[in-house]
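Given next are the chains, with one letter for each unit.
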Amino acid sequence: MKILTPNSIPEALRMLKDGSPDARPIAGATDLLVHWPDQRTSHAGPFVDLSRIDALRGHRWTEDELVLGALTTYWDIITDPRANDELPILPRAARTVGAVQIQTRGTWAGNIANASPAADGVPALMALDAEVETAGENDTARVPLDAFYLGYKQLNMQPGWIITAIHVPRRRCDFSSFIKVGTRNAQAITKVGAAVTHSDAGWRVVANSMAPTVRRCRALEDALDRGISIASPDALIPLLEQDLAPIDDIRSTAAYRMNVLARVLFHELAPVCPFIGTTSGRNAP
Amino acid sequence: MAASTRIEGIDKLAGRERYIDDLDIPGCWWGMTKRSPVPRGTIREIRFGPGVDWSEFVVVDHRDIPGPNQVRLIELDQPVLASEYVRHVHEPVVLIAHPSRAMCRRAIREIEIIVDPEPAALDFRVPPAPEQIQHGPDNVLSHLTITKGDAERALRDAPHIIEGVYETGAQEHVYLETQGMAAWEEDGTIVVKGSMQCPYYVLNALTHALARDEKHVRVVQAPTGGGFGGKEDFPSVIALHAALLALKAGRPVKIIYDRAEDMACTTKRHPALVRHRTGVDSDGRLLAQQIEMTIDGGAYVTLSPVVLSRGIIHAGGPYACDNVSIVGRAVFTNAVPFGAFRGFGAPQSQFAGERHMDRIARTLGIDPAELRRRNLIRDGQTTSTSQTINDGTDRVAVLDTAIRLADAEKNQQEDRAFNASHPYLRRGTGIACIYHGGGFTGSGEVHLASRLHVAALPDGRVEVRTATTEIGQGMLTIFTDIAADRLGLDRSRVTIADADTARVPNSGPTVASRTAMVVGKLVEDACDDLRRTLGLDPVARGGAVTDAIDNWYRTHPDREPVGRAQYRQPPGIHWDDETYRGDAYGTFAWAAYAARVEVDLRTFQTRVLGFQTVQEIGKVLNETLARGQIAGGVVQAIGWALLEECVWRDGAMANAQLTNYIIPTAADVPPIGVHFLENPYPHGARGAKGIGELPMDGPAPAIANAVADALGVEPDTIPLTPERLMELMTHARA
C-alpha cells in the first residue's frame, strides 16, 4: 500500500494525475477502513492523503456563506456555536455519524466524495442548497450539490480533480429537521434518512438511503410549496415515488424504506403545515 | 460478603492481557484457510494461480493429515479438510502458511477451488426434495422424544386447544476476540495454544486426527476474549489446522481469523422452528402440551443432538402439565454448521413456550401473569421428563417479585392512557417465566467424570489445577474465592494454574452453566482432600492449613501434597437415556423477567424502556460478577430478539461485518434491574446453581410479549426487526 502526502493542492493534483486511474484522494480515511482488509480493489492505491494541505483546512463565516474547507470535520461543526445557532441541521446531522472517533476524523467533503447513498452529511448540506467547489490543475468549478451526483457513485467532477471547499448559504430557515432511521440507536448506518428545511427559498426535502444517490424529493417540495393537502402518510408515497427508488439490500427492504420515510416525514410536517393531516388533528400513525 | 475484585480485571482493562494474537512467537509463520465457494458439490480441481511463488509457502491439504480426516466430537462426520466433497460454503479445503500475513492474504485469493455443484438443502423448515437428501430418508440427524401421560387423549378431551408456530433466527457470538490458535512442535510434542473454552476437547480432536497419544499433545488456553459457546466446539477445527501447518512447516504457525472470516465461517446459534398445540381448561390450566421442535444443524453434526436435547427438555417451560408429548428433530442442511451458543437450545424452545403462554392468555382472556401463576410448577410436581421438583423455591413469588419490581401494574395503566393519546408511540409490558438446568444433561456429568486438583506449593500457597477456563465469566475470581473460603486462607494465598493439559486434569468443558456449580464444588472437595493429605481434621482453616503446608515440606521436601476431587453424582438422581425420562438436571435455576417496550409506529422500531429480572440461583458467589452475567445475558438476548439478523446466501452469512450485523450498543439497552433470590443448592459450591445461560432464555419472549401487549399483534418470529414488524402489522391490518 502506498500513501502519498502532498503539502499543496497543485502537488496533490500532480500526484493524482501520475497515479491515475487508481490513485485516490483521502482525508479522514474512515470509509476506507470499513472494508479493510477484505476489499482489495478499494486498496489498490496509491492514496493521496490531503490532510497536510493547509489551504484545505478549517471553515470560515463570510457575510453570506459558511465555507467548509475540504478538511473540515464533523467535529469542527459540532463544536462551532455559530453553526449550532444558525444552521443547526449541520451539527445535528454530524452527531449521528458513527461515534466521536469518526466525527473527529471524517470530513464533510469526504462524505460527499465517497458518494454513499446512505451519507448523513450530504442531505443536510443539500437541504441548505450547498455548492461544491472543485479544482483541477488549470481550473476550478462550483457545482450545486444537488447536481453533483450523476448516478451511483458517479460524481459531476473531472477525473483527477479534488473537492476544495463546500459553500453553504447563510440563509435563515424557519424550519429544519434531520431524520435518521438507523439500524440501531448509535453507530448505525442509515436505512431511511431525510433532511428538511423551509426558508425564503421554499421547502427542501432531501432523502438518503432512498435512491442510488442522496436525492431531493422535488415533487414533494413542490406540493409543500403549493400547500397541497396531504391527509395521511400513505398519501405522501406517490409524491416520494416520483423522485426516489429505494431497493432491497442486506440492511432493509424497499417497502420498509418507502413506508417509513412517508410516516416519519408526515409526522415531522404535520405540526408545522396546516395542510398536512386530517382536519380532526387525529392522524394515522 | 462483599464482592471481591476480579483477578485479571485490571490487566484486561489496561490492555496488558496478552491474547494469542499478541503473543510474539519466535520464527512463527501465519496460516490461512482456503474454503469452498459453493454449498455442496464434488471438488474437481484445485488451481494455484501463477501470480504467486508457491515455493515460499507451506501448503496443506487432506493428504497431510496423519490420522483419520475427522474432527472428533460427538460424531466423526466432519472432515478436518474437505477431500473430494464439500457440504457447505466456506468449508476448509486447503491451508497455506507464510512468514508474511499480507502475502498469505494475497496468495489465498490466487487459489481456486473448482467444484461441480449439486443441489443444496438450504431451508431446514421444509422437507428436502429427493435431490437434496444427503442423510437417511429425510436429512434428520437426530430425533428425540419426551412423553409423559397421554397428550393425544388429553387434547381430545380439552375444552380449549390453542396452537402456535414460532421461529427464532441464528445468532453470531461476536466475542470480542476472534478465533485464534498457534501450534508448534517441542521435543516431539505438538503444542497448541489459543483462544478456547475446552482444552480437553481440543486435545481429543488432536490426538485423533494427528494419530498421537495424549503424551505427545499439549493444549494450552491463552487468555480468551469471550466465548459464549463459540469457543466450545470450533477451536478444535482451527487447532487442527494450525497443527497441520506447523508440522509440515517444521516451525510455529499461527492462525488468527479476522472478523469477517470469523463471522462467515464459524458456528452460530441454531435457527429453530417450534410448534405448540396445547389443551387448557377454562381457567387456563394446562391439560396437554404437544410440542414439535426442529433445529437447523447445518452441514455437520457438531453439537446439534445435545442442543436439541436441552432444547426439548426446556420446551414445556417451568409449568406442571400431566400430559406432554415433545418431538425434536435436528436436520442437516448445507449451511455452515451451527454449534454451541449460550443457552444451548433452551432460549429457542423457551421463546416459543413463553410466547405461547401469552397466546393462551389472550385467547382465554386471562391475565398473562395469572395464567402463569396457575400453572407454575409447585414442589412435588413434575417437569415434562417426570423429574420431581422439590427444592423449596416459591416460583410464584419469583414471578410476583419481578412484577412488583417492574412496577408492571402501574405502568400498564399509564401505558393504556398513553397509547390512547399518542399519535404514533405505543407502550406495553411483557413477562416471561423461565428455568435453566445447570450442568450436563441426564447422565452427562457422570460420563464426564470431571477431575480437579488443589496442590499445596512450597511457598505456602495453594494452586487450583483445573481445565475449566476463564472466558470472561469470572472463573478465576470465583475459584480463588471458593478455595480461599474453604481453607480459610487469604485470597492472595490461592493461585489458579494455567489451563494447560500438561499440568491440569480434565475438569470437563467450560460450558452448560457448570463452572461455579459443578466444578466449583470440585474445588471444595479437592480442598477437603488436601486437608486429609496434610493430615488435618476436616474443620482446619487458615493458620492451621499454612502451618501444615510448612510442616509437610519440611518433612517431604520432594513430594507435593495434592488434594484430588472427582465428580460424584448427588444421591437420588435417576435418568434414563432410552426413554428420556427422569432427572434431566441436578437442579434448575428459576427466573421471571418483565420487559416494558415502546414501539414507534412511524419506524416500527422497538425500544426496550425497562427490564427487570428476578432469579433464584441458589447462592450468589460474587454479586458483581453475578450481576454482570445477568445484565450481559439480557443485552445479548435483546440483540437476538430485536436486532441480530443473519442474512443468508447459499447457507452462509452475507452480512459478515459488524457494520451490517447489528448488535446492541449502550444506546440500545435500557436500565436492567437484577434481583437475586437465594435458596442454596446442597450439591453446588457454597450452594450455587448455574447462572451463565439463564439470562439468555427470558428476554426475547418477554420483549415479544410486550410488543404483543402494545400493539395487539402476535410477534412469533425473531429477530423482530422493524422490517418484520412492519410486515406483521400490514398483514394484521389486511
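Residues numbered from 1 in each chain as written. Chains lettered and ligands numbered in written order. Predicted model: local features only at pLDDT ≥ 70, side-chain atom pairs only at ≥ 80, totals over all residues. Heavy atoms only, no water.

Details of the overall build of chain A
Selection rule: By definition, any uninterrupted DSSP run of H or I lasting at least four residues is a helix, any uninterrupted run of E lasting at least two residues is a strand, and each is numbered from the N terminus. Atoms considered for the radius of gyration are the C-alpha atoms alone. The globule rule reads 2.2 Å times the number of residues to the power 0.38. For every residue, the accessible area (1.4 Å probe, protein chains only) is compared with the maximum for its type, and the residue is labelled buried under 20%, exposed over 50%, or partly exposed between those bounds. Contacts are residue-level and defined by heavy atoms, with any inter-residue pair within 4.5 Å sufficient.
Along the backbone of chain A there are eleven helices and 14 strands. The C-alpha radius of gyration computed for chain A amounts to 19 Å, which stays within 12% of the reference 19 Å derived for 285 residues, consistent with globular compactness. Overall, the C-alpha framework of chain A stretches about 65 × 45 × 30 Å when taken along its three principal axes. Buried residues in chain A amount to 54% of all 285 residues. Long-range pairs, those at least 24 residues apart, make up 59% of the contacts in chain A between residues at least 6 apart in sequence.

A few points about the interface of chain B and chain A
Stated formally: Once two parts are put together, the accessible area they lose, assessed with a 1.4 Å probe and summed over both, is termed the buried area. Put simply, a salt bridge is a Lys or Arg side-chain nitrogen that is within 4 Å of an Asp or Glu carboxyl oxygen. Whenever a nitrogen or oxygen atom comes within 3.5 Å of another N or O atom, the pair is scored as a polar contact, on the condition that within protein one atom can donate a hydrogen and the other can accept it, and that pairs from neighbouring residues in sequence are kept only if both atoms are in side chains.
Facing the 34 residues of chain B at the interface are 29 residues of chain A. Of all residues in chain B, R109, R602 and E723 of chain B bury the most surface against chain A, accounting for 23% of the area lost on that side. Put simply, chain B and chain A have one salt bridge between them. Measuring nitrogen to oxygen at the nearest pair gives 3.0 Å for the salt bridge that ties K191 of chain A to E723 of chain B. Here chain B is connected to chain A by eight residue pairs in polar contact (both at pLDDT 80 or more).

Comments concerning the sheet that holds strand β2 (residues 24–26) of chain A
Residue and element names in this part refer to chain A. As a reminder, the rule being used: In short, DSSP must find at least two bridges between two strands for them to pair. Here an axis means a line fitted to C-alpha atoms, over the contact stretch when the element is a helix, while the angle between two N-to-C directions is reported on a 0 to 180 degree scale.
Spatial ordering of the open sheet is given by β1-β3-β2, a layout of three strands whose pairing is parallel. At either margin of the open sheet sits one strand with a lone partner, and together these are β1 (3–4) and β2. As paired strands, β1 and strand β3 (residues 47–49) are joined by two bridges and run parallel to one another. The residue of β3 that forms the bridge with I3 is F47. Along the sheet, helix α1 (residues 9–18) contacts β1, β2 and β3; its crossing angle with β3, the most-contacted strand, is approximately 175°.

A few points about the packing of helix α11 (residues 254–269) of chain A against helix α19 (residues 722–733) of chain B
In plain terms, the rule: In this scheme, roughly parallel covers angles under 35 degrees and roughly antiparallel covers those over 145, while 65 to 115 is roughly perpendicular and the rest are oblique. Residue polarity is assigned by list, with Asp, Glu, Lys and Arg as charged and Ala, Val, Leu, Ile, Met, Phe, Trp, Tyr, Cys and Pro as nonpolar; anything else, Gly included, falls into the polar class.
Close contact between α11 of chain A and α19 of chain B brings their axes to 10 Å; oriented N to C, the two are set at 80°. Between α11 of chain A and α19 of chain B, the interaxial angle falls into the category roughly perpendicular. Residues A255, Y256, N259 and R263 of chain A of α11 of chain A form the contact with α19 of chain B, whose participating residues are P722, E723, M726 and R733 of chain B. Counted by class, the contact of α11 of chain A with α19 of chain B contains four nonpolar, one polar and three charged residues.

Remarks on the packing of helix α16 (residues 623–643) of chain B against helix α18 (residues 699–711) of chain B
Residues and elements named next belong to chain B. Threshold: Working rule for handedness: look at the near helix, and if it is turned counterclockwise from the far one by less than a right angle, call the crossing left-handed; if clockwise, right-handed.
Two elements in contact, α16 and α18, have axes separated by 8 Å at closest approach and are oriented at 50°. The angle between α16 and α18 places the two elements in the oblique class. As α16 runs across α18, the sense of the crossing is right-handed. Only P699, A700 and I703 of α18 make contact with α16, whose side of the interface consists of V634, A637, I638, W640, A641 and L642.

Some details on unusual backbone geometry
Each neighbour pair has its own omega, and for S20 of chain A with P21 of chain A the value is 5°, a cis peptide bond. Among the secondary structure elements, P21 of chain A is positioned in the loop between α1 and β2. At the junction of I718 of chain B and P719 of chain B, the peptide bond is cis and its omega measures out at 5° in the coordinates. Along the chain, the position of P719 of chain B falls in the loop between β28 (717–718) and α19. Even without being glycine, Y580 of chain B reaches a positive phi, approximately 55°. With respect to the helices and strands, Y580 of chain B occurs in the loop between β21 (575–576) and β22 (581–582). Y580 of chain B gets classed as buried once you look at its relative accessible area, which sits at 10%. Unlike most non-glycine residues, F604 of chain B shows phi in positive territory, near 65°. Assignment of secondary structure puts F604 of chain B in the loop between β23 (588–600) and β24 (605–616).

Topic: the domain arrangement of chain B
All names here are of chain B. Note the following rule: Where each domain starts and ends follows an automatic or database-derived domain assignment.
Examined at the domain level, chain B breaks down into domain 1 (9–118 + 173–265), domain 2 (272–440 + 581–733) and domain 3 (450–566). Placing a centre on the C-alpha atoms of domain 2 and another on those of domain 3 gives a separation of 37 Å. With 22 residues of domain 2 in contact, the opposing surface of domain 3 contributes 18 residues. Carbon and sulfur atoms supply 64% of the area that domain 2 and domain 3 bury against each other, a total of about 1400 Å² over both sides. Summed over the shared surface of domain 2 and domain 3, the result is one salt bridge. Its salt-bridge partner being R686, residue D485 comes within 3.6 Å of it at the nearest N-O pair. Our count for the domain 2 to domain 3 interface comes out at three residue pairs in polar contact (both at pLDDT 80 or more). Across the side of domain 2 that touches domain 3, the residue classes break down as eight nonpolar, ten polar and four charged.

Here we look at the environment of G106 of chain A
All names here are of chain A. Tracing the backbone shows G106 in the loop between α6 (100–105) and α7 (108–114). It is 8.5 Å that separates the C-alpha atoms of G106 and L71, two residues lying 35 residues apart in sequence. Leave out the neighbours within four places in its chain, and G106 touches T30, T72, T73 and Y74.

Notes on the environment of P505 of chain B
All names here are of chain B. Note that P505 resides in the loop between β19 (494–496) and α14 (515–533). Accessibility expressed as a relative area gives 6% for P505, which makes it buried. Spatially, the C-alpha atom of P505 lies 51 Å from that of I162, the residues being 343 residues apart in sequence. Leave out the neighbours within four places in its chain, and P505 touches Y200, R451, L452, H453, R465, T466 and A467.

A short note on the side chain of Q348 of chain B
Residue and element names in this part refer to chain B. Relative to the elements of secondary structure, Q348 occurs in helix α8 (residues 346–364). Overall, Q348 belongs to the buried group, its relative accessible area being 1%. With near-sequence residues (within four places) excluded, Q348 lies in contact with T168, R269, H270, A272, V274, M293 and W640.

Some thoughts on the pattern of salt bridges
Residues and elements named next belong to chain B. A complete count under the given rule lists 71 salt bridges over all chains for this structure. Among the ionic pairs, R47 bridges to E45, the shortest N-O distance being 3.1 Å. Classification of E45 by relative accessible area gives partly exposed; the value is 32%. Three or more residues joined by partner-sharing salt bridges are found here, namely E354, R355, D358, R359, R362, R372, E714 and D716.

Examining the packing of aromatic side chains
Residues and elements named next belong to chain B. Defined as follows: Centre distance within 6.5 Å is the pairing criterion for rings of Phe, Tyr and Trp, where only the six-membered ring of Trp is used; planes under 30 degrees apart are then read as stacked, over 60 as edge-to-face, and the remainder as tilted. Only Lys NZ and Arg CZ are tested; either one counts as a charge over a ring when it is within 6 Å of the ring centre and within 35 degrees of the ring normal.
Taken as a whole, this structure holds 13 aromatic pairs over all chains when the rule is applied. Seen in terms of ring centroids, W54 and F57 are 5.3 Å apart; in terms of plane orientation they differ by 50°. Their pairing is tilted. Given the relative accessible area of 7%, F57 is considered buried. On the basis of an interplanar angle of 75° and a centroid distance of 5.5 Å, the ring pair of Y585 and F588 is categorised as edge-to-face. Grouped by ring-pair contacts, the aromatic residues Y435, Y585, F588 and W590 constitute a single cluster. The ring of W640 has R269 lying over it, and the distance from NZ or CZ to the ring centre is 5.0 Å. Over the ring of W590 we find R395, and its NZ or CZ is 4.4 Å from the ring centre.

Things to note about helix α4 (residues 199–209) of chain B
All names here are of chain B. With ten of eleven residues buried, α4 is to be regarded as a mostly interior element. Turning to α4, its buried residues are P199, Y200, Y201, V202, L203, A205, L206, T207, H208 and A209. Taken together, the buried residues of α4 touch β10 (189–194), β11 (217–221) and α5 (235–249). Among the residues trailing α4, A211 stands out with phi positive, at a value near 50°.

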